[in-house]
Amino acid sequence: MMTVIALSGPIGAGKSTLTKILAADLGSQAFYESVEDNPVLPLFYADPAKYAFLLQIYFLNTRFRNIKDALVADNNVLDRSIYEDELFFQMNADMGRANQTEVDIYRDLLHNMMEELKTLPKKAPDLLVHIDVSYDTMLKRITKRGRSFEQLSYDPTLETYYKTLLEYYGPWYENYNYSPKIRIDGDKYDFVESKEDQTAVITQIEDKLHELGQL
Ligand SMILES: Nc1ncnc2c1ncn2[C@@H]1O[C@H](COP(=O)(O)OP(=O)(O)O)[C@@H](O)[C@H]1O
Ligand SMILES: Nc1nc2c(ncn2[C@H]2C[C@H](O)[C@@H](COP(=O)(O)O)O2)c(=O)[nH]1
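Residues numbered from 1 in each chain as written. Chains lettered and ligands numbered in written order. Predicted model: local features only at pLDDT ≥ 70, side-chain atom pairs only at ≥ 80, totals over all residues. Heavy atoms only, no water.

Draft legend 1. Inspection of the site of ligand 2 at higher detail. The environment of ligand 2 is formed by 19 residues, the closest being Lys 15, Tyr 45, Gln 56, Arg 63 and Glu 150. Within the side chain of Tyr 45, one N or O atom sits 2.7 Å away from an oxygen atom of ligand 2. Here an oxygen atom of ligand 2 and a side-chain polar atom of Glu 150 are 2.6 Å apart. Secondary structure elements with two or more residues in the shell around ligand 2: helix 2 (41–46), helix 3 (48–72) and helix 4 (85–94). No other element matches the four residues that helix 3 contributes to the shell around ligand 2. Among the residues forming the shell around ligand 2, the class breakdown is nine nonpolar, three polar and seven charged. (Near = heavy atom within 4 Å. Polar contact = N/O pair within 3.5 Å; in protein donor to acceptor, adjacent residues only side chain to side chain. Helix = DSSP H or I, 4+ residues; strand = E, 2+ residues; numbered from the N terminus. Nonpolar A, V, L, I, M, F, W, Y, C, P; charged D, E, K, R; others polar.)

Structural data, given as structure tokens:
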């Protein structure tokens, strides 16, 4: 049986890390978000108003490709869902970084791509694993990961950007209904340094998969 798990959560929540841990634990294939080879990301952080639309089209395209690739393999774990794509662009548009024409074009493309998803053998993940983090934890992990353009030292306005992102993620998770979902307390579990915490998180997810008949 093919089991597809999608990770979701704010920047630096621990999605890529947990994707790797989960894929190893379940013997699944991991599909990571292309960040290091993303040519638009640094441009966006340097000039958000100029590049918000281009970056969103880039992410939407790579996420759609990831989903199609994942659906031909057996068990998979996807680092970040396509369902958060609109959250990011809506927030940037609300912050005045995209004009109405760009919003309309983006929404039309997103709608077309989501319609295409309905034609795939698996319409949605079997489980969404959402990692919730507070601002302090998010910032600590962004700092730890050390991507230059994500640091407050690079752009102090990122504090407002990150805090706003957390305000968007709350309702997004509550309203998410494409699949069953489970919330992981990213503040509580250090699944990088603590084996005990890692086991606790994996157990939560495996128990949910058992409940869903996926394990
Ligand atoms: N639960 C955790 N506890 C402590 N550090 C973590 C945890 N999850 C991730 N990290 C660290 O935080 C940084 C961001 O993690 P990452 O998996 O890249 O997050 P995301 O993919 O959600 O952006 C990395 O340096 C990672 O080692
Ligand atoms: N404007 C957008 N930025 C995005 C989107 N998805 C991710 N990102 C940024 C946030 C981080 O700087 C980096 C990687 O994200 P992580 O959550 O893996 O840290 O890319 C998006 O859809 N729009």
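Resuming the write-up.
Draft legend 2. Structural detail: the packing of helix 6 (residues 135–145) against helix 7 (residues 158–175). Closest axis-to-axis distance for the helix 6/helix 7 pair is 10 Å, and the angle between their directions is 125°. Comparing their axes, helix 7 and helix 6 come out oblique. By crossing handedness, the relation of helix 6 to helix 7 is classed as right-handed. Packed against helix 6, whose contacting residues are Tyr 135, Met 138, Leu 139 and Ile 142, the element helix 7 presents Glu 159, Tyr 162, Lys 163, Leu 165 and Leu 166 at the interface. For the contact of helix 6 with helix 7, the per-class residue count stands at seven nonpolar, no polar and two charged. (Axes fitted to C-alpha atoms, helices over the stretch in contact; angles between N-to-C directions. Parallel < 35°, antiparallel > 145°, perpendicular 65-115°, else oblique. Left-handed = near helix turned anticlockwise from the far one by under 90°. Contact = heavy atoms within 4.5 Å.)

Draft legend 3. The arrangement of the UniProt feature "active site" (unreviewed entry) in the protein in detail. Here the UniProt-annotated "active site" (unreviewed entry) positions come out as Asp 79. With respect to the helices and strands, the residue Asp 79 is situated in the loop between strand 3 (76–78) and helix 4. Exposure remark for Asp 79: the relative accessible area of 4% places this residue in the buried category. Every residue in contact with Asp 79, bar those within four places of it in the chain, is listed here: Leu 7, Lys 15, Ser 16, Thr 19, Phe 31, Tyr 32 and Glu 33. (UniProt positions renumbered as here; feature names shortened; annotations may be inferred. Buried < 20%, exposed > 50% of the residue type's maximum accessible area, 1.4 Å probe, protein only.)

Draft legend 4. Spatial organisation of the side chain of Asn 92. Here Asn 92 is to be found in helix 4. Residue classification places Asn 92 among the buried positions, given a relative accessible area of 3%. A distance of 3.0 Å separates the side chain of Asn 92 from the backbone oxygen of Phe 88, its partner in a polar contact. A polar contact is formed between the side chain of Asn 92 and the side chain of Tyr 161, at a distance of 3.2 Å. Excluding anything up to four places from it in sequence, Asn 92 contacts Phe 44, Ala 52, Arg 97, Ala 98 and Tyr 161.

Draft legend 5. A look at the site of ligand 1. Around ligand 1, the surrounding shell holds 14 residues, and the nearest of these are Gly 14, Lys 15, Ser 16, Thr 17 and Arg 145. Take Lys 15: an N or O atom from its side chain is 2.7 Å from an oxygen atom of ligand 1. Taken by itself ligand 1 offers 560 Å² of open surface, and the protein chains cover 88% of this. One can see that ligand 1 is located within the largest pocket. Every element with two or more residues in the shell around ligand 1 is listed here: helix 1 (15–26) and helix 6. (Areas by Shrake-Rupley, 256 points an atom, 1.4 Å probe, with all protein chains shown as cover. 1 Å grid on protein atoms, 1.4 Å probe; cavity = no way out; pocket = protein on both sides within 12 Å on 5 of 7 lines; lining within 4 Å. Sits in = over half its atoms within 2 Å of the grid points.)

Draft legend 6. Local environment of empty space enclosed by the protein. Tallying each qualifying case throughout the model produces two cavities of 30 Å³ or more. Estimates place the volume of the largest cavity at around 170 Å³. Along the wall of the largest cavity there are 18 residues; nearest its centre are Val 4, Ala 6, Ile 67, Leu 78 and Pro 125. Of all elements in the fold, only strand 1 (4–8) and helix 3 reach the threshold of two or more residues within the lining of the largest cavity. A class-by-class count of the residues in the lining of the largest cavity yields eleven nonpolar, two polar and five charged. In this structure, the second largest cavity spans a volume of roughly 40 Å³. Every residue lining the second largest cavity is listed: Phe 44, Tyr 45, Pro 48, Arg 97, Asp 155, Leu 158 and Tyr 161. For the lining of the second largest cavity, the elements supplying multiple residues, two or more each, are helix 2 and helix 7. Of the residues contributing to the lining of the second largest cavity, the split by class is five nonpolar, no polar and two charged. (Points joined across faces, edges and corners; volume = space filled by probe spheres on them.)

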